Every structure is written in C-alpha cells, then in structure tokens.
Amino acid sequence: MEFIVQKIGMSRTVSVPSTPVTLLKVLDTKVCEVTDGVAIVSYSKGKKFNKAIEGQQKKYNLSKEFNRFATMSVANAEAGDLDVSGLGEAQTLKTTFKTKGRGFTGAVKRWNFAGGRASHGHRMGRRVGSIGNCEWPGRVQPGKKMPGQYGNTNVSVKNDVISFDAETGILVLKGSVSGPNGALGKVKVAK
C-alpha cells in the first residue's frame, strides 16, 4: 500500500528523552481505476491544467482541483476515496522523497574534500587535485569523485511510525526524511 504525502517539517516529542520526528500530511487522493491491486490515482498539486488533464477528469468524473495522476499499489478494490486505514496499523514505512537540489557543486561541498592550504602563495584553494596515475592506466578510473550535479535524487528511508491521525491526515514518523518542507513524496507500508 502506497500513499502520496507532503512534508510539513520536523519537530520533537515532549517525552523525556525527546525523539526527533517528521510530520507528513497524507494528501486527499482519489482512486480512478484498479487492476490487480495497482491503481491510477489522482491528487491535487498546483494549478497545472491542459486538455489532456481535462480529458482524464471527464473520464473519471473528477473535480477540477485533481490535476495530477500517478500509478501505485492501493488497498482499494474499486474507485473512490483512497483507503488510509492501513496507516493506522503500520509500524514501519518506507518513505521516498527527492533530495534538495544543489546544482553543479565542487568536490569540497559534494564529497567533503579538504581542499588545499589557504596560506600565502598556494593556488590549490578548493580544487580537486590529481585525478589519475601515470601513463598506465592512462585514464581516469570510473566512479572518481569529482565536481558535478549534487542533490535532486530520489532517496528512500525506512522510518518507524509514531502516530497517525485519520481525521487530519497527519502522519508522525521517527527521524528525518529527505527534501525541503512542502515537498511531495511517497510512503509505502513496510511492516
């Protein structure tokens, strides 16, 4: 069973010792059609609207705010509102979010390289330094840590469930999940 969630932010429990927790909001999701446990679902995100979305909304009899579609495994047997009762009994969830994108970064930020000395006369600064050997092997080894695109990748983490409020759709997980506040992601019941 999978659910589309939005990250609210982090907090902590009032107990002693306190536990760091992440708050997630389970989005209002409509199941459009189900085949063998895998469903086409619709949810609301932004104001995107075109003729393709309009056609899907007419086909599945959806209101205008449901403008995004995805496929995922659900507990529902037929179309309608998504069944979230599975989150009440869940103990562990697998959360998948996109990490914060940091663009094209250098080796010091991306791989925690130390960089060179900052004293007078040194040109090393934040450079990578030597990246290979000599005439043999005469090439850069695959997987060499170098500057490049950092972040903006899917990261999955397993988190324990602390509580779930079915009325408000607020899910409280132990620990942290990737991505900025307000980011959309998926949670899957692991146990």
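Residues numbered from 1 in each chain as written. Predicted model: local features only at pLDDT ≥ 70, side-chain atom pairs only at ≥ 80, totals over all residues. Heavy atoms only, no water.

**Student:** Describe the overall build of the protein, and please don't skip the residues or the numbers.
**Tutor:** Within the protein one finds three helices and twelve strands. Radius of gyration (C-alpha) of the protein: 23 Å, far over the 16 Å computed for a compact globule of 191 residues. In terms of overall dimensions, the protein has a C-alpha envelope of 70 × 50 × 30 Å along the principal axes. For the protein, the proportion of contacts with a sequence separation of at least 24, taken over those separated by at least 6, is 66%. For the protein, the accessible area works out to roughly 12,300 Å², and carbon and sulfur atoms hold 50% of it. (Helix = DSSP H or I, 4+ residues; strand = E, 2+ residues; numbered from the N terminus. Rg over C-alpha atoms; globule rule 2.2 N^0.38 Å. Contact = heavy atoms within 4.5 Å. Areas by Shrake-Rupley, 256 points an atom, 1.4 Å probe, with all protein chains shown as cover.)

**Student:** Mind laying out the nonpolar core, listing which residues take part and the relevant values?
**Tutor:** Grouped together as the largest cluster of nonpolar side chains are 25 residues, with contacts concentrated most on Ile4, Leu24, Val41, Leu87, Leu93, Leu171 and Val187. The set of elements that each furnish at least two residues to this core consists of strand E1 (2-12), strand E2 (20-26), strand E4 (38-43), strand E5 (68-73), strand E7 (92-98), strand E10 (154-165) and strand E11 (170-174). Every residue in contact with Leu171, bar those within four places of it in the chain, is listed here: Thr22, Leu23, Leu24, Leu87, Leu93, Val161, Ser163, Phe164 and Val187. (Core = buried A, V, L, I, M, F, W, Y, C linked by side-chain atoms within 4.5 Å. Buried < 20%, exposed > 50% of the residue type's maximum accessible area, 1.4 Å probe, protein only.)

**Student:** If you had to explain the packing of aromatic side chains to someone new, which residues and values would you point to?
**Tutor:** Scanning all chains against the criterion turns up zero aromatic pairs. When the ring centre of Phe49 is taken as reference, the NZ or CZ atom of Lys64 above it lies at 4.7 Å. Lying across the ring of Tyr150, Arg102 places its NZ or CZ 5.0 Å from the centre. (Phe/Tyr/Trp six-rings, centres within 6.5 Å; stacked < 30°, edge-to-face > 60°. Lys NZ or Arg CZ within 6 Å of the ring centre and 35° of its normal.)

**Student:** Describe the sheet that holds E2, listing the residues and the values that go with them.
**Tutor:** Taken together, the six strands give a closed barrel; going around it, the order is E1-E2-E11-E10-E7-E12, and neighbouring strands pair in antiparallel fashion. Strand-to-strand twist of the sheet, defined as the mean angle between neighbouring strand axes without regard to direction, takes the value 45°. Strand direction decides the pairing type here: E1 and E2, joined by seven bridges, are antiparallel. Of the residues in E2, the one forming a bridge with Gln6 is Lys25. (Pairing = 2+ DSSP bridges. Axes fitted to C-alpha atoms, helices over the stretch in contact; angles between N-to-C directions.)

**Student:** Help me get a handle on the sheet that holds strand E6 (residues 80-81), residues and values and all.
**Tutor:** The strand order across the open sheet formed by four strands is E5-E4-E3-E6, and the pairing between neighbours is antiparallel. In this open sheet, the two strands that pair with only one neighbour each are E5 and E6. Sheet topology places E4 next to E5; six bridges connect them, and they run antiparallel. Bridge assignment links Ser42 to a residue of E5, and that residue is Phe69.

**Student:** Mind laying out helix H1 (residues 51-60), listing which residues take part and the relevant values?
**Tutor:** Of the positions making up H1, those classed as buried are Ile53, Gln57 and Tyr60. All buried residues of H1 project into a common sector of 80° when viewed along the axis, lining one side. Residues Lys51, Ala52, Lys58 and Lys59 are exposed on H1 and point more than 90 degrees away from its buried face. Buried residues along H1 sit in contact with strand E3 (30-35), E4 and E5. Where H1 starts, the residue carrying a side-chain oxygen 3.2 Å from the main-chain nitrogen of Ala52 turns out to be Asn50. Downstream of H1 by one or two residues, Asn61 has phi in the positive range, about 60°. (Arc of directions from axis to C-beta. Polar contact = N/O pair within 3.5 Å; in protein donor to acceptor, adjacent residues only side chain to side chain.)

**Student:** Could you give me a rundown of the pairing of E2, with the residues and numbers involved?
**Tutor:** The sheet contact formed by E2 and E11 spans five bridges and is antiparallel. Along E11, the bridge assignment pairs Leu23 with Val172.

**Student:** Can you break down the side chain of Asn159 residue by residue, with the values?
**Tutor:** Along the chain, the position of Asn159 falls in strand E10. A residue is classified by how much of its surface remains accessible, and Asn159, at 3% relative accessible area, is buried. A distance of 3.2 Å separates the side chain of Asn159 from the side chain of Thr95, its partner in a polar contact. In contact with Asn159, not counting residues within four places along its chain, are Gln91, Thr92, Leu93, Thr95, Leu173, Lys174, Gly175, Ser176 and Val177.

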